[in-house]
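So you can see what is in the structure, the chains are spelled out below.
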Amino acid sequence: MTGGRQLSRWAGRTLGHKFARPELLKQVLTHPSADERNNRRLEYLGDAVLELVASDYLFRRHEEALEGGLTQLRQRLVQRATLASVAGEVDLAKHLRYKGADLAPDGPAHEAMLADALEAVFAAVWLDGGIEPAAAVFEKLFARRLKSVADLPRDAKSVLQEYLQGRGFKPPEYRLAGSREDPQAPSFRSVCKVPELSLSAEGEGRTIQASEVEAAASVLAAVGESP
């Protein structure tokens, strides 16, 4: 790993953030395999910080979007493969301290290590400067991807609501019809009703949201539409 001054210059150049507490940056770049003072706790916090700044960004720029579409778009941005790719673009691996062949660039755990370290970056920026710097780092590092996902993915709930609104009908009604509380394989059943069209359909999924999407897809199929 490079020295403190080089790390600070790297952070300022790639993240656009100058750390008032450079020890946080050192901790970010220390994998649990290398040192006791490592980035594991920062990774935990950074996961939440990244979801928050991504959610805030998407919420403000897609004012008409429903929850399902926003959730899908956020997931595309914060999934492990995307995080590892972003980390690679800013040469994060070059500055990481770690031990073990499985963590090397051709090792099986390399992608996870990079993704975890990037999450830790967001925790460190949050702790060092707060929400605004963390949001700025997000927009800087994810700029290209934010442009490529400008078109919000449309799920069945979004399409059904647009279909009904376009015809002057009220929004669909959803209710939970049942669930299986199995920690390994949870399952939920939801009903989607459109009283004005005398339509009702059930859907099943691993989350309530997923079951509602399936129910909405069935209603769309009944009116000859598709997501």
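Position numbers for residues start from 1 in each chain and track the written sequence from start to end. pLDDT decides what is reported in this predicted model: residues at 70 or higher carry local features, side-chain atom pairs at 80 or more are listed and counted, and totals for whole chains, interfaces and linings draw on all residues regardless. Side-chain measures were taken over the full set of non-hydrogen atoms in the model, leaving aside hydrogen atoms and water.

**Q** I'd like a rundown of the overall build of the chain, residues and numbers included.
**A** In this description a helix means any DSSP run of H or I spanning at least four residues, a strand means any run of E spanning at least two, and both kinds are numbered starting from the N terminus. When helices and strands are tallied, the chain shows 10 helices and three strands. In the chain, the succession of α and β elements from N to C terminus is α-α-α-α-α-α-α-α-α-β-β-β-α. Projecting the C-alpha coordinates of the chain onto the three principal axes gives extents of approximately 70 × 35 × 30 Å. Exposure categories follow from relative accessible area, calculated using a 1.4 Å probe and restricted to protein chains: below 20% of the type maximum is buried, above 50% is exposed, and the middle band is partly exposed. The proportion of buried residues among the 227 residues of the chain is 43%. Whether two residues are in contact is decided by their heavy atoms: any pair within 4.5 Å suffices. At a minimum sequence separation of 6, the contacts of the chain that also span at least 24 residues come to 55%. For this count, His and the chain ends are skipped, Lys and Arg are scored as positive, and Asp and Glu as negative. The atom standing in for a charge is NZ when the residue is Lys, CZ when it is Arg, CG when it is Asp and CD when it is Glu. Across the chain, 30 positive and 32 negative side-chain charges occur, with their mean positions spaced 6 Å apart.

**Q** Lay out the pattern of salt bridges in plain terms, naming residues and giving numbers.
**A** Basic side-chain nitrogens of Lys or Arg form a salt bridge, by our definition, when they fall within 4 Å of a carboxyl oxygen of Asp or Glu. Under the criterion given, the structure shown has nine salt bridges. Notably, a salt bridge pairs Asp56 with Arg60, separated by 2.9 Å at the nearest N-O pair. One end of the pair is Asp56 and the other is Arg60, both in helix 3 (residues 40-61) and four residues apart, which spans about a single turn. Classification of Asp56 as partly exposed rests on a relative accessible area of 35%.

**Q** Tell me what's going on with the nonpolar core, and back it up with residues and numbers.
**A** In summary, soluble globular proteins display a tendency toward joint burial of nonpolar side chains. One finds Leu92, Leu118, Phe138 and Phe142 to be the most contacted residues of the largest nonpolar core, which totals 47 residues. Among the elements of the structure, helix 1 (4-14), helix 2 (22-28), helix 3, helix 4 (67-78), helix 5 (80-89), helix 6 (110-129) and helix 7 (131-141) are those that each provide at least two residues to this core. The contacts of Phe138, once residues within four sequence positions are left out, are Leu50, Val53, Ala54, Tyr57, Leu77, Phe122, Ala143 and Leu146. If you look at the next biggest cluster of nonpolar residues, it comprises 13 residues, including Leu160, Cys192, Val213 and Ala216. Nonpolar core, defined: a set of buried Ala, Val, Leu, Ile, Met, Phe, Trp, Tyr and Cys residues in which side-chain atoms within 4.5 Å join the residues together.

**Q** Break down helix 10 (residues 208-222) for me, citing the residues and quoting the values.
**A** In this scheme, a helix's expected span is set at 1.5 Å multiplied by one less than its residue total. With 15 residues, helix 10 extends 21 Å between its outermost C-alpha atoms, agreeing within 8% with the 21 Å of an ideal straight helix rising 1.5 Å per residue. Those residues of helix 10 that fall on the buried side of the exposure criterion are Ser211, Glu212, Val213, Ala215, Ala216, Val219 and Leu220. Its buried side turned inward, helix 10 meets helix 9 (156-166), strand 1 (173-180), strand 2 (187-194) and strand 3 (199-205). Just downstream of helix 10 lies Gly224, where phi reads positive at about 80°.

**Q** Please give an account of unusual backbone geometry that cites residues and values.
**A** Even without being glycine, Asp91 reaches a positive phi, approximately 60°. If you trace the backbone, Asp91 turns up in the loop between helix 5 and helix 6. Not every positive phi belongs to a glycine, and Ser198 is a case in point at roughly 55°. Mapping Ser198 onto the fold places it in the loop between strand 2 and strand 3.

**Q** Which residues make up a nonpolar patch on the surface, and what are the values?
**A** Together, Leu52, Trp126, Leu127 and Ile131 make up a nonpolar patch on the protein surface, roughly 330 Å² of accessible area in all. Note that Leu52 resides in helix 3. Using a relative accessible area of 41% as the deciding quantity, one classes Leu52 as partly exposed. Patches were defined on residues exceeding 30% relative accessible area and lacking a salt bridge, with like-charge contacts within 9 Å and nonpolar side-chain contacts (Val, Leu, Ile, Met, Phe, Trp, Tyr) within 5 Å. Throughout, the Shrake-Rupley method with a 1.4 Å probe supplies accessible areas, and for residues the shown protein chains are the sole cover considered.

**Q** Requested: an account of the sheet that holds strand 1, with residues and values cited.
**A** Pairing between strands requires that DSSP locate at least two bridges from one strand to the other. Strand order across the open sheet formed by three strands is 1-2-3, with antiparallel pairing between neighbours. In this open sheet, the two edge strands, each paired with only one partner strand, are strand 1 and strand 3. Within this sheet the neighbouring strands show an average axis-to-axis angle of 20°, counted without direction. Here an angle of 0 to 180 degrees is reported between the N-to-C directions of two axes, which are lines fitted to C-alpha atoms, with helices fitted over the stretch in contact.

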